[in-house]
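# Close look at the chain arrangement
One-letter residues, chain by chain:
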Amino acid sequence: MIFELMSRGNIVELPKTPGIIDSYDPENVILLLPYNRYLHGRIQNGYESWKLCKIGNTEQEEIYLYDGEARHFDFDSRQVVISQEVVDKLKSTLLASSSPPGEHIRTAAVLKGILEPDIVDNELFIYDESFAMARLDNKTEAKAAYWAVRLALSRGDHDSVSRIKLWYRIAPNIAFSEPIVLVWFSLTQVPDSEAVASMTSLGISEENIHRMAAQAVSPVVLFSQKGYLIFASYGDGQRTPIFREWAYFPLSVWNDLRDRKRITLRELLTAAWGAEDARQAWKVGSRYNNGAMHNAQFTMHN
């Protein structure tokens, strides 16, 4: 599809006109920009790829579009802004024309050890993708686990699969049901201002956030009137960079998992991370074209 960015910041779809963009694939997404520039989005190996191009020039610059974030460009000291709403529209349009990455059979085999028996205890769940998706309909946490495992396996991320297993085993409700567990990540000692603002809105002072980050031990727990904040760092800063996680557990969730079920702090952090993996995977997976799933034919593999 071809769109054009208008002066008011909205976009309009254009008919395919010969000569606008050479070698255009109808499954790609094009956004025409001012000053003879355009964005070219396509799916490569199951994942989205975006290039900033100039009409009449073969040079291309790879860029990234992030959910919920506007994108700013500087063309010869002239700024062009693509709003958050337009970014989300472009990404959704591109993924809607594509089949998801990964393999259903491999994903379903892993899920047999994660999901409830009433979902997976049928051979069709393994071999018939459309049957499996029907089983997962209206089961938000289970469907999120499916997408998280499928996307993780497609990129060889077995750590994410482990997080999903732990999250789903001990607390699948913390990802989507209120009150949910919140999580933030940071490569710097203190997370960005938006994350800090979210934490302070929960009754945690910025001073205490800095104090937690400065501790030599990990994990660190801070109590507030509404819940508990856990901080942990990973990596040694030499062979692997230091990576930090902050997870907030509302009181009712903490009391259930920590006090009643005796879940360790490390397991709580892993489950919170797995819940965030699940939320993001559900968001991405729901955008893909599922037509292939609904047309899947049952094939027995010996």
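In what follows, the accompanying structure is described. Keep in mind it's a predicted model, so treat the numbers as computed, not measured.

What follows deals with the pairing of strand 8 (residues 78–82). Looking along a regular strand, one sees side chains alternate from face to face of the sheet. Here strand 7 (residues 71–75) pairs with strand 8 via 5 bridges, running antiparallel. Within strand 8, the residue paired with Phe73 across the bridge is Val80. Where strand 7 folds back on strand 8, the antiparallel hairpin that results is connected by 2 residues, among which Asp76 adopts a positive phi of roughly 55 degrees.

Take helix 6 (residues 140–154) next. Its 15 residues give helix 6 an end-to-end C-alpha distance of 21 Å, which sits within 8% of 21 Å, the value for a rise of 1.5 Å per residue. With 13 of its 15 residues buried, helix 6 lies for the most part within the structure. Where helix 6 ends, the next residue or the one after it, Gly156, has phi of about 70 degrees, a positive value.

Taken in spatial order, the 4 strands of this open sheet run 9-12-11-10, and their pairing is antiparallel. On the outer flanks of this sheet lie strand 9 (182–186) and strand 10 (220–223), each paired with one strand and no other. The mean inter-strand angle of the sheet, taken between neighbouring strand axes irrespective of direction, is 15 degrees. Direction of pairing for strand 10 relative to strand 11 (residues 227–234): antiparallel, over a ladder of 4 bridges. Looking across to strand 11, one finds that Val221 is bridged to Ile230. Along the sheet, helix 11 (residues 265–285) contacts strand 9, strand 10, strand 11 and strand 12 (243–250); its crossing angle with strand 11, the most-contacted strand, is approximately 90 degrees.

Turning next to the environment of Lys89. Relative to the helices and strands, Lys89 is located in helix 1 (residues 84–96). Residues Lys89 and Ser224, 135 residues apart in the sequence, show an inter-C-alpha distance of 39 Å. Non-local contacts of Lys89, meaning those with residues more than four positions away in its chain, are made with Phe3 and Ile11.

What follows deals with the pattern of salt bridges. Any two side chains of opposite charge can pair, on the condition that their charged atoms come close. Summed over all chains, the structure comprises 13 salt bridges. A salt bridge links Asp277 to Arg163; the nearest nitrogen and oxygen atoms lie 2.8 Å apart. Here Asp277, found in helix 11, pairs with Arg163, found in helix 7 (residues 158–170); they are 114 residues apart in sequence, far enough to count as distant. For Asp277, a relative accessible area of 17% gives the class buried. The buried category is assigned to Arg163, whose relative accessible area is 11%.

How each quantity is defined
Residues numbered from 1 in each chain as written. Predicted model: local features only at pLDDT ≥ 70, side-chain atom pairs only at ≥ 80, totals over all residues. Heavy atoms only, no water. Pairing = 2+ DSSP bridges. Helix = DSSP H or I, 4+ residues; strand = E, 2+ residues; numbered from the N terminus. Expected span 1.5 Å × (residues − 1). Buried < 20%, exposed > 50% of the residue type's maximum accessible area, 1.4 Å probe, protein only. Axes fitted to C-alpha atoms, helices over the stretch in contact; angles between N-to-C directions. Contact = heavy atoms within 4.5 Å. Salt bridge = Lys/Arg side-chain N within 4 Å of Asp/Glu carboxyl O.

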